[in-house]
Amino acid sequence: MKEIKAYVHNNRIADVINAVEDSGLIARTSAPEIRNINVTSVHSLLKPVDSTEQQYSVALAEAIIAEVRLELICEDSQVDQLVALIEKTARTGQAVAGWIIVTDIVQAVVVSGMRAR
């Protein structure tokens, strides 16, 4: 299994999520497909698409932009397809519009909704 983390501009995340959902790879049953799609707001030092995207962080003493971190777990065989899909959909026209990181998962344990007796 692999974990894919993609750092995407706010204005691209809805299209990225829609593309992943439309790919047919999302687990709608207990089948071993994409699992645990998470989206988290993060701050980045990437170049903004335009000035409305940029803010100044007093804590960091830097100009920052709000970005989104998309995280998902998938089977090894799905990585290339998902990375290509995310990369294509997350484009903004900039030379660097974010990052996609793939890591190995050593162990993944389902937290069951059932109570032990």
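Residues numbered from 1 in each chain as written. Predicted model: local features only at pLDDT ≥ 70, side-chain atom pairs only at ≥ 80, totals over all residues. Heavy atoms only, no water.

On a plain count of helices and strands, the protein comes out with two helices and five strands. Order of helices (α) and strands (β) in the protein, N terminus to C terminus: β-α-β-β-β-α-β. Every one of the 117 residues in the protein was classed for burial, and the buried ones make up 31%. The contacts in the protein between residues at least 6 apart in sequence include a share of 72% that link residues at least 24 apart. (Helix = DSSP H or I, 4+ residues; strand = E, 2+ residues; numbered from the N terminus. Buried < 20%, exposed > 50% of the residue type's maximum accessible area, 1.4 Å probe, protein only. Contact = heavy atoms within 4.5 Å.)

For the coordinates displayed, the defined rule picks out four salt bridges. A salt bridge links glutamate 71 to arginine 69; the shortest N-O distance between them is 3.4 Å. Assessed through its relative accessible area of 14%, glutamate 71 is described here as buried. Overall, the relative accessible area of 21% leaves arginine 69 in the partly exposed class. Across the pair arginine 91 and glutamate 87 runs a salt bridge whose closest N-O atoms are separated by 2.9 Å. For glutamate 87, a relative accessible area of 37% puts it in the partly exposed group. (Salt bridge = Lys/Arg side-chain N within 4 Å of Asp/Glu carboxyl O.)

One can find glutamate 67 in strand S4 (residues 62–74). No salt bridge forms around the buried glutamate 67; measuring N to O, its nearest opposite-charge neighbour arginine 69 is 9.2 Å away. A polar atom in the side chain of glutamate 67 sits 3.3 Å from the side chain of serine 44. If we ignore the near neighbours within four places in the chain, the residues touching glutamate 67 are Tyr7, Val8, His9, Asn10, Thr40, Ser41, Val42, Ser44, Leu46, Ala97 and Gly98. (Lys, Arg positive; Asp, Glu negative; His and termini not counted. Polar contact = N/O pair within 3.5 Å; in protein donor to acceptor, adjacent residues only side chain to side chain.)

This part covers helix H2 (residues 79–89). For H2, the complete set of buried residues consists of Val79, Leu82, Ile86 and Thr89. One side of H2 carries all its buried residues, which in axial view fall inside an arc of 115°. Exposed residues on H2 whose side chains face more than 90 degrees from its buried face are Asp80 and Lys88. As for H2, its buried residues are in contact with strand S1 (2–9), helix H1 (10–22), S4 and strand S5 (98–104). (Arc of directions from axis to C-beta.)

Along H1, the residues classified as buried are Arg12, Ile13, Val16, Ala19 and Val20. Buried residues of H1, viewed axially, fall in a sector of 130°; they line one side. Immediately beyond the C-terminal end of H1, within one or two residues, lies glycine 24, with a positive phi of roughly 80°.

Moving on: the pairing of strand S3 (residues 54–57). Here four bridges tie S3 to S4, and the two strands are oriented antiparallel to one another. Looking at the pairing, serine 57 lines up with glutamate 62 of S4. (Pairing = 2+ DSSP bridges.)

Within S4, 10 of the 13 residues are buried, which leaves the element mostly enclosed by the surrounding structure. Relative to S4, S1 is paired through eight bridges, and the arrangement is antiparallel. Within the sheet, the bridge partner assigned to glutamate 3 lies in S4 and is isoleucine 73. If you look at the hairpin formed by S3 and S4, you'll find four residues sitting between the two strands, and alanine 61 has a positive phi there, around 55°.

Remember, this is a structural readout, not a statement about activity or role.
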